[in-house]
Every structure is written in structure tokens, then in C-alpha cells.
Amino acid sequence: MLNIILCGAPGCGKGTQSTLLVEKYNLKHLSTGELLRSEIESKSDVGKQAEKYISIGSLVPDQMIIEILLNAVDKYAATAAGFILDGFPRTVEQAAALEKAFEERNNKIDFLVDIQVETKELITRLLIRGETSGRSDDNLDTIKKRLQVYESKTAPVNEFYKNLGKYHSINGIGEISEISARISEVIDAELNK
Ligand code: ADP
């Protein structure tokens, strides 16, 4: 199996790049943002809980999202050649839980790819996306909050994976195809190790 985490601030292009990589490497894409939005759409109890956090730009509680993510992993593990995790882990607690859960399943996270984009560009992209996304969190105040949450809660996940020797970063500015090629280069180098 090949299990990759795509990490980066809101608006860095994780979702777009995941879609391209899924096709190229035949992986299953698990986006916790998408899993949560489908819970909200179906008006489930979890969805109702989650919406309160998402709409103000906060993270949903760790236990909630860890359970959702691991349920999805267990659902697809038998049929998938591997996973691209997009939007998870977003805290060091989630990262530790993920490492433990994969170990218990005799599986492992291979590495994390951090897509780097500067803040000004992120805000521009998210505001443009907000014009059509219909997402309650793509407005300026919530975007600023999400970027702060990224710095305080999620950036430490990069350090966590650096310490494990499983960290790569790439420049997330440029054409979508160029960025995709940069990520593929990292993946191919790892596969050929
Ligand atoms: P973006 O990367 O653009 O912020 P996502 O779709 O990944 O968008 O996530 C949207 C929102 O869903 C987040 O702001 C957060 O409230 C919630 N969320 C998604 N993944 C997680 C996670 N792993 N832990 C906690 N909250 C999460």
C-alpha cells in the first residue's frame, strides 16, 4: 500500500491535487472536509455538531474526526491500493492517533507532502472559491480564522512528520499541472527508494 498525507493551509490546492494523484497512482482519496460536508448535507447528528465548528472556522473535535476518518479507512482498506489523506491529520493529536491506528492495522503512513503557498495568495484563492463554492466558511472573516488555526494547530503536524523522517515540502505556486508534477516527483522518488 502507498499511504500519503497531503498537507497545507486552506486554499493550498490539496483537493485539486488529490484528484489528479488518485488517477495517476490508483489511490483512494479521503478528504475529511468532504466527509464532514456530506454529513452536514445528510443532516446527521454528527453533521449538525460539525457545522457549528466549521461555520466559524474552528476545527471539529479530534475524537469526532478521528472516528470518521478511521471508519472510512476500514471501509476501503481491502479494496484500495492506498490512501491519499487530504485535510487529516490537522492536529498533532490526530497525527499520533493516525500513526497508532495504522500500526494496529499492520499498515503505515509512508510520508507527508506539505504544499506551500503564501498567505496573501491563499486568501485570494479562497475568496474566489467562495463566489461559487456555497461553503459557509469561504468568507473573509472565517478564512482569516482558518489560516490562524492552521498556523497554531496544523503547522505542528509538519514538525511531527519531520521528526519521523517522513516529511516533504513542495512549492504550491504555479500551474496546476506543474504542482502535480512536483508532487509526483516526490512520490516517484519514494517509490524507487
Ligand atoms: P480547507 O482545507 O479549505 O479548510 P477542508 O474541506 O479540508 O477545507 O475543511 C473544512 C473544515 O472542516 C475545516 O475548517 C474544519 O472545520 C473541518 N475539518 C476538516 N478536516 C478536519 C480535521 N482533520 N480536524 C478537524 N476539523 C476538520
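Please refer to the structure placed before this passage.
To start, this report covers the structure provided alongside it. (Residues numbered from 1 in each chain as written. Predicted model: local features only at pLDDT ≥ 70, side-chain atom pairs only at ≥ 80, totals over all residues. Heavy atoms only, no water.)

**Some details on the overall build of the protein**
Note the cut-off: Put simply, DSSP H or I for four residues or longer makes a helix, DSSP E for two residues or longer makes a strand, and each gets a number counted from the N terminus. C-alpha atoms define the radius of gyration, and 2.2 Å times the number of residues to the power 0.38 defines the globule rule. Per-residue accessibility, obtained with a 1.4 Å probe over protein chains only, is compared with the maximum for each type, and a residue is labelled buried under 20%, exposed over 50%, and partly exposed between these values. Contact definition: two residues touch when any of their heavy atoms are within 4.5 Å. His is not counted, nor are the chain ends; Lys and Arg add positive charge and Asp and Glu add negative charge. Charge placement uses NZ in Lys and CZ in Arg. For Asp and Glu, CG and CD serve respectively.
Tallying secondary structure elements over the protein gives eight helices and five strands in all. Seen in sequence order, the protein has helices and strands lined up from the N terminus as β-α-β-α-α-α-β-α-β-α-α-β-α. Taken against the 2.2 N^0.38 rule, which gives 16 Å for 193 residues, the C-alpha radius of gyration of the protein at 16 Å falls within 12% of a compact globule. Expressed along its principal axes, the backbone C-alpha trace of the protein runs to roughly 45 × 40 × 30 Å. Each of the 193 residues in the protein was classed as buried or not, and the buried ones make up 45%. Residue pairs at least 24 apart in sequence account for 74% of intrachain contacts in the protein once pairs closer than 6 positions are excluded. Distance between charge centres in the protein, computed from 24 positive and 29 negative side chains, equals 2 Å.

**A look at the packing of helix α2 (residues 32-41) against helix α3 (residues 45-54)**
Between two packed helices, both the angle of their axes relative to each other and the distance between the axes serve to describe the pair. Rule in force here: Axis lines are fitted to C-alpha atoms, over the contacting stretch for helices. Their N-to-C directions set the angle, which ranges from 0 to 180 degrees. Orientation categories follow fixed angle ranges, with anything under 35 degrees roughly parallel, anything over 145 roughly antiparallel, 65 to 115 roughly perpendicular, and all other angles oblique. Handedness of each helix crossing follows the sense of rotation of the near helix against the far helix: counterclockwise by less than a right angle gives left-handed, clockwise gives right-handed. For this classification, Asp, Glu, Lys and Arg are treated as charged, while Ala, Val, Leu, Ile, Met, Phe, Trp, Tyr, Cys and Pro are nonpolar and the rest, including Gly, are polar.
Put simply, α2 and α3 touch, their axes get as near as 7 Å, and they point 120 degrees apart. Comparing the axis directions of α2 and α3 gives the class oblique. For the pair α2 and α3, the sense of crossing is left-handed. Between α2 and α3, the contacting residues are L36, E39 and I40 on the first element and V46, G47, A50, E51 and I54 on the second. Considering only residue class, the contact of α2 with α3 consists of five nonpolar, one polar and two charged.

**Some details on empty space enclosed by the protein**
Put simply, the rule reads: Only protein atoms enter the 1 Å grid, on which a cavity is a set of points fitting a 1.4 Å probe that cannot get out and a pocket is an open set with protein on both sides within 12 Å along at least 5 of 7 lines, lining residues being those with an atom within 4 Å of a point. Grid points are joined across faces, edges and corners, and a volume is the space filled by probe spheres set on the points.
Evaluated as defined, the whole model comprises one cavity of 30 Å³ or more. In this structure, the largest cavity encloses a volume near 60 Å³. Of all the secondary-structure elements, those providing two or more residues to the lining of the largest cavity are β1 (2-7) and α7 (140-163). At three residues, β1 tops the list of elements feeding residues into the lining of the largest cavity.

**Thoughts on the side chain of E99**
You can see E99 is positioned in helix α5 (residues 92-104). With a relative accessible area of 17%, E99 lands in the buried category.

**Brief notes about the sheet that holds β1**
To summarise the sheet geometry, strands pair through backbone hydrogen bonds and adopt either a parallel or an antiparallel arrangement. Stated precisely, the cut-off is as follows: For two strands to be treated as a pair, DSSP must find no fewer than two bridges joining them.
Read from one edge to the other, the open sheet built from five strands follows the order β2-β3-β1-β4-β5, with strand pairing classed as parallel. Two strands close off the open sheet at either side, each with one partner strand: β2 (28-31) and β5 (167-171). Each strand axis lies, on average, 20 degrees off the axis of its neighbour in the sheet, ignoring direction. Bridging between β1 and strand β3 (residues 82-86) involves five bridges; their strand directions are parallel. The residue bridging I5 from the neighbouring strand is L85, located in β3. Against the sheet, helix α1 (residues 14-25) touches β1, β2, β3 and β4 (111-116), its axis set at about 170 degrees to β3. Seen against the sheet, α7 touches β1, β4 and β5 and runs at an angle of roughly 135 degrees to β4.

**Details of the environment of I66**
Turning to its location among the elements, I66 is positioned in helix α4 (residues 62-76). Sequence separation between I66 and F88 is 22 residues, and the spatial gap between their C-alpha atoms is 8.7 Å. When sequence neighbours within four positions are dropped, the list of residues in contact with I66 reads F88, E93, Q94 and A97.

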